[in-house]
Amino acid sequence: MEFANLKSIQLNKPETWQDKIFLTFDIDWASDEVLNFTIDILEESKAKATFFCTHETKVLDRVRKNPDFEIAVHPNFNFLLNGDHRYGSNVKEVAQYYMDIVPESVTLRSHSLTQNSQILEVFCDLGIRSDCNLLIPLEAGETKPFLYSNNRLLRIPYIWEDDTAILYRNSTKVTDYLQHDGLKVFDFHPIHVFLNTETLDRYNRCRKHLQNYTELKSFVNHESFGTQNFFKNLIQQSKLVTL
């Protein structure tokens, strides 16, 4: 089973998404060391991936140089919703703030999956061609890309997210997801890959050390199955699946 980037999906060409795996990463202000940890695994495995970016970092240069990587945008509207205008005083200004960081982006996922019809129209006006803002659990059945009603935006559902899987104790069996009918889009956070997070308590205990790599290393989970294990299993087992 092959890996692919979200921007390669074409609605009228099912071969661009059927029986492919899409690894996506919300970088969520992770430190450069944590980001490079995840990228090292991907590059060693020669896996394609899409990175949803939240901030300026020199690591973006590394992402841009790898043709297997797609760089996308991950705007955070939470401050605006709480009356804080640090990133802009309206939806368009906030979205533009993040687009200015990665202007080549054609794919978007909002932090906290913030969306509504007006926000989706703003995305289109800024040149976004596809969004990945719909988390649809495995139990819901087959997932497919579809066009938003304005026919300008391709909507790409995803079936798994690390923090949600931890919170709701979703299956840790990679085969459950590889056998899923339809889109196989996974959402990881580099911090959870690095920590091998298995409970949100682990993440919450280290939050004040997120930018201190030396301290952060002491919180890594070495005892039980966590996000990093799932990530590596997904890469390894995908190579064993024949269709």
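Bear in mind that the values here come from a model prediction, so they are computed numbers and not experimental data.

Undergrad: Account for the nonpolar core, with residues named and values stated.
TA: Formed by 62 residues in total, the largest nonpolar core has its most connected members in Leu23, Leu42, Phe51, Phe186, Phe188 and Phe231. Sequence-distant contacts of Leu23, that is, excluding residues within four places in its chain, are made with Phe3, Ala4, Leu42, Ala47, Lys48, Ala49, Thr50, Phe186, Phe188, Phe231, Leu234 and Ile235.

Undergrad: Pulling in residues and values, what's your account of the packing of aromatic side chains?
TA: Enumeration according to the criterion identifies 19 aromatic pairs in this entry. A centroid spacing of 5.7 Å and a plane angle of 75° characterise the contact between Phe79 and Tyr87, whose relative ring orientation is edge-to-face. Taking the relative accessible area as the measure of exposure, Phe79 reaches 27% and is therefore partly exposed. Judged by its relative accessible area of 19%, Tyr87 is buried. With 4.3 Å between their ring centres and 10° between their planes, Trp160 and Phe230 make a pair best called stacked. Taken together, the residues Trp160 in strand E9 (residues 160-161) and Phe230 in helix H11 (residues 227-238) connect sequence positions 70 residues apart. In this structure Trp160 comes out as buried when scored by relative accessible area, which is 4%.

Undergrad: Describe in detail the pattern of salt bridges, supporting the description with residues and values.
TA: Side-chain pairs of opposite charge can arise whenever the charged atoms involved come near each other. Inspection of the entire model under this criterion finds 14 salt bridges. Here Arg62 makes a salt bridge to Glu43, at a shortest N to O gap of 2.8 Å. Taken together, the positions of Arg62 in helix H2 (residues 59-65) and Glu43 in helix H1 (residues 32-45) put the pair 19 residues apart, joining distant regions of the chain. By relative accessible area, which is 30% here, Glu43 ends up partly exposed. Two residues, Arg86 and Asp84, come together in a salt bridge whose shortest N-O distance is 2.8 Å. Each of the salt bridges in this network shares a partner with another, and the network as a whole consists of Asp26, Arg109 and Asp187.

Conventions we followed
Residues numbered from 1 in each chain as written. Predicted model: local features only at pLDDT ≥ 70, side-chain atom pairs only at ≥ 80, totals over all residues. Heavy atoms only, no water. Core = buried A, V, L, I, M, F, W, Y, C linked by side-chain atoms within 4.5 Å. Buried < 20%, exposed > 50% of the residue type's maximum accessible area, 1.4 Å probe, protein only. Contact = heavy atoms within 4.5 Å. Phe/Tyr/Trp six-rings, centres within 6.5 Å; stacked < 30°, edge-to-face > 60°. Helix = DSSP H or I, 4+ residues; strand = E, 2+ residues; numbered from the N terminus. Salt bridge = Lys/Arg side-chain N within 4 Å of Asp/Glu carboxyl O.

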